[in-house]
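Residue-level listing of the chains:
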Amino acid sequence: MTYMTNDKLRIADREFASRLIIGTGKYRSFQEMARCLEASGAEMVTVAVRRVNIDRSKESLLDYIDTKKFFILPNTAGCYTADEAIRTARLAREVGLSHWIKLEVIGDQATLFPDNAQLLEATKVLVKEGFVVMPYTNDDLIANLRLIDAGAAAVMPLGAPIGSGMGIQNLSNIRILREKITTVPLIIDAGVGTASDAVIAMELGADGVLMNTAIAQAQDAEVMARAMNHGVQAGRLAYLAGRIPKKLYATASSPLEGVLR
């Protein structure tokens, strides 16, 4: 069927067959991380610039990522100001990681909610400098639209707080975002706990899902990576298929026309 080969996720000038993006932190070992990357079917993996040995002077998770198979998306995790995030993005580009950046500017340490004012400021600067910017933000429509106006190549609203595993908490907001955001990809970032959460995100119309903790901290991370792979694919197909409307009363599965009486 053609949709299986033609339904690609396009961000900026690149296409990805997989709509699952996964992180590289919190695994029990680099070897486990590598197995999970493979099992997930993902093509894009995100790496925290400030938490990885990028000069390769000692063993690094980068040694376990096959860059012929996986596209590295650096992120600015741990940054609390626009200036910090901008410097981190520039560093990632200077050392050859990528000119793509998953932009995070955190506003609160307990919830890890984004500081949208600082995020917008950093987006404007980095877009002007030629970065492909994918900002992590909240599920507020206006914040997302302003980031798009600033040149974001995709927007990445949270489903729930980072690492919480609670799944998408505000379905209505995600539906509104899906309806209003049509010019760049909409990727759910943060809060997924299990495969059914990924399915729901995709059934709501998200163009992709980014996750880390749900896989890395699962009892069997490799099996969960495989489950997330299938969950994202199933949710996408269900969205494309178009679900039946919900009704209060039953509708017979078999028509009554021609029934012997």
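Okay, so let's go over this structure.

Calculation criteria
- Residues numbered from 1 in each chain as written.
- Predicted model: local features only at pLDDT ≥ 70, side-chain atom pairs only at ≥ 80, totals over all residues.
- Heavy atoms only, no water.
- Axes fitted to C-alpha atoms, helices over the stretch in contact; angles between N-to-C directions.
- Helix = DSSP H or I, 4+ residues; strand = E, 2+ residues; numbered from the N terminus.
- Left-handed = near helix turned anticlockwise from the far one by under 90°.
- Contact = heavy atoms within 4.5 Å.
- Nonpolar A, V, L, I, M, F, W, Y, C, P; charged D, E, K, R; others polar.
- Patch = residues over 30% accessible without salt bridge, like charges linked within 9 Å, V, L, I, M, F, W, Y side chains within 5 Å.
- Areas by Shrake-Rupley, 256 points an atom, 1.4 Å probe, with all protein chains shown as cover.
- Salt bridge = Lys/Arg side-chain N within 4 Å of Asp/Glu carboxyl O.
- Buried < 20%, exposed > 50% of the residue type's maximum accessible area, 1.4 Å probe, protein only.
- Expected span 1.5 Å × (residues − 1).
- Arc of directions from axis to C-beta.
- Polar contact = N/O pair within 3.5 Å; in protein donor to acceptor, adjacent residues only side chain to side chain.
- Pairing = 2+ DSSP bridges.
- Right-handed = clockwise from strand over helix to strand, strands pointing away.

1. Quick look at the packing of helix 3 (residues 82-94) against helix 4 (residues 116-128)
The packing of two helices is summarised by the inter-axis angle and the distance between the axes.
1) Next: Where helix 3 meets helix 4, the closest approach of the two axes is 8 Å, and the angle between their N-to-C directions is 35 degrees. Crossing hand, helix 3 versus helix 4: right-handed. Within the contact between the two elements, helix 3 uses Ala-82, Ile-86, Ala-89 and Arg-90 and helix 4 uses Gln-118, Glu-121, Ala-122, Val-125 and Leu-126.
2) Next: Class assignment for the residues of the contact of helix 3 with helix 4 results in 6 nonpolar, 1 polar and 2 charged.

2. A closer look at a nonpolar patch on the surface
1) Next: On the surface, a cluster of nonpolar side chains totalling about 240 Å² of accessible area is made up of Leu-237, Tyr-239 and Leu-240.
2) Next: Its location among the elements puts Leu-240 in helix 9 (residues 221-241).
3) Next: The exposure class of Leu-240 is partly exposed, given its relative accessible area of 42%.

3. Re helix 4
1) Next: Compared with an ideal rise of 1.5 Å per residue, which puts 13 residues at 18 Å, helix 4 spans 18 Å between its outermost C-alpha atoms and is within 8% of the ideal.
2) Next: For helix 4, the complete set of buried residues consists of Leu-119, Leu-120, Ala-122, Thr-123 and Leu-126. An end-on view of helix 4 places all buried positions within 165 degrees of arc, on one side of the element. Of the exposed residues in helix 4, those oriented more than 90 degrees away from the buried face are Ala-117 and Lys-128.
3) Next: Looking at the buried residues of helix 4, the elements they touch are helix 3, strand 6 (100-103), strand 7 (132-137) and helix 5 (141-149).
4) Next: Sitting at the head of helix 4, Asp-115 places a side-chain oxygen 3.2 Å from the backbone nitrogen of Ala-117.
5) Next: A positive phi of about 90 degrees marks Gly-130, the residue just after helix 4.

4. Digging into helix 2 (residues 30-40)
1) Next: Every buried residue of helix 2 is listed here: Glu-32, Met-33, Cys-36, Leu-37, Ala-39 and Ser-40. End-on, the buried residues of helix 2 take up no more than an arc of 170 degrees, which puts them together on one face.
2) Next: For helix 2, the secondary structure elements touched by its buried residues are strand 3 (20-23), strand 4 (44-48), helix 8 (213-216) and helix 9.
3) Next: Gly-41 sits one or two positions beyond helix 2 and adopts a positive phi of about 75 degrees.

5. Remarks on the pairing of strand 7
1) Next: Burial runs high along strand 7: 6 of the 6 residues are buried.
2) Next: The alternating pattern of strand 7 places Val-132, Met-134 and Tyr-136 and Val-133, Pro-135 and Thr-137 on opposite faces, both of which are buried.
3) Next: Relative to strand 7, strand 6 runs parallel, the two being bridged by 4 bridges. Its bridge partner lying in strand 7, Leu-103 is registered against Pro-135.
4) Next: The parallel pair strand 6 and strand 7, bridged by helix 4, forms a crossover whose chirality is right-handed.
5) Next: As judged from the 2 bridges shared by strand 7 and strand 8 (residues 156-157), these two strands associate in the parallel manner. Each bridged residue has a counterpart across the sheet, and for Tyr-136 the counterpart in strand 8 is Met-156.
6) Next: Handedness of the crossover joining strand 7 and strand 8 through helix 5 is recorded here as right-handed.

6. Here's the deal with the side chain of Asp-207
1) Next: Tracing the backbone through its elements, the reader meets Asp-207 in the loop between helix 7 (195-203) and strand 10 (208-211).
2) Next: Apart from residues lying up to four places away in sequence, Asp-207 is in contact with Leu-9, Arg-19, Arg-178, Val-184, Pro-185, Leu-186, Met-202 and Arg-236.

7. Comments concerning the pattern of salt bridges
1) Next: Scanning the model with the defined rule gives 13 salt bridges in all.
2) Next: Two residues, Glu-15 and Arg-10, come together in a salt bridge whose shortest N-O distance is 3.6 Å.
3) Next: Its relative accessible area of 46% is what places Arg-10 among the partly exposed residues.
4) Next: The partner of Asp-207 in a salt bridge is Arg-178, with the nearest N and O atoms 2.8 Å apart.

8. Things to note about the packing of helix 5 against helix 6 (residues 171-180)
1) Next: Direction vectors running N to C along helix 5 and helix 6 enclose 30 degrees, while the axes themselves pass 10 Å from each other. Seen along the crossing, helix 5 lies across helix 6 with a hand that is right-handed. For the pair formed by helix 5 and helix 6, the contact residues are Leu-141, Asn-144 and Leu-145 on the first element and Ile-176, Leu-177 and Lys-180 on the second.
2) Next: Grouping the amino acids of the contact of helix 5 with helix 6 by side-chain chemistry returns 4 nonpolar, 1 polar and 1 charged.

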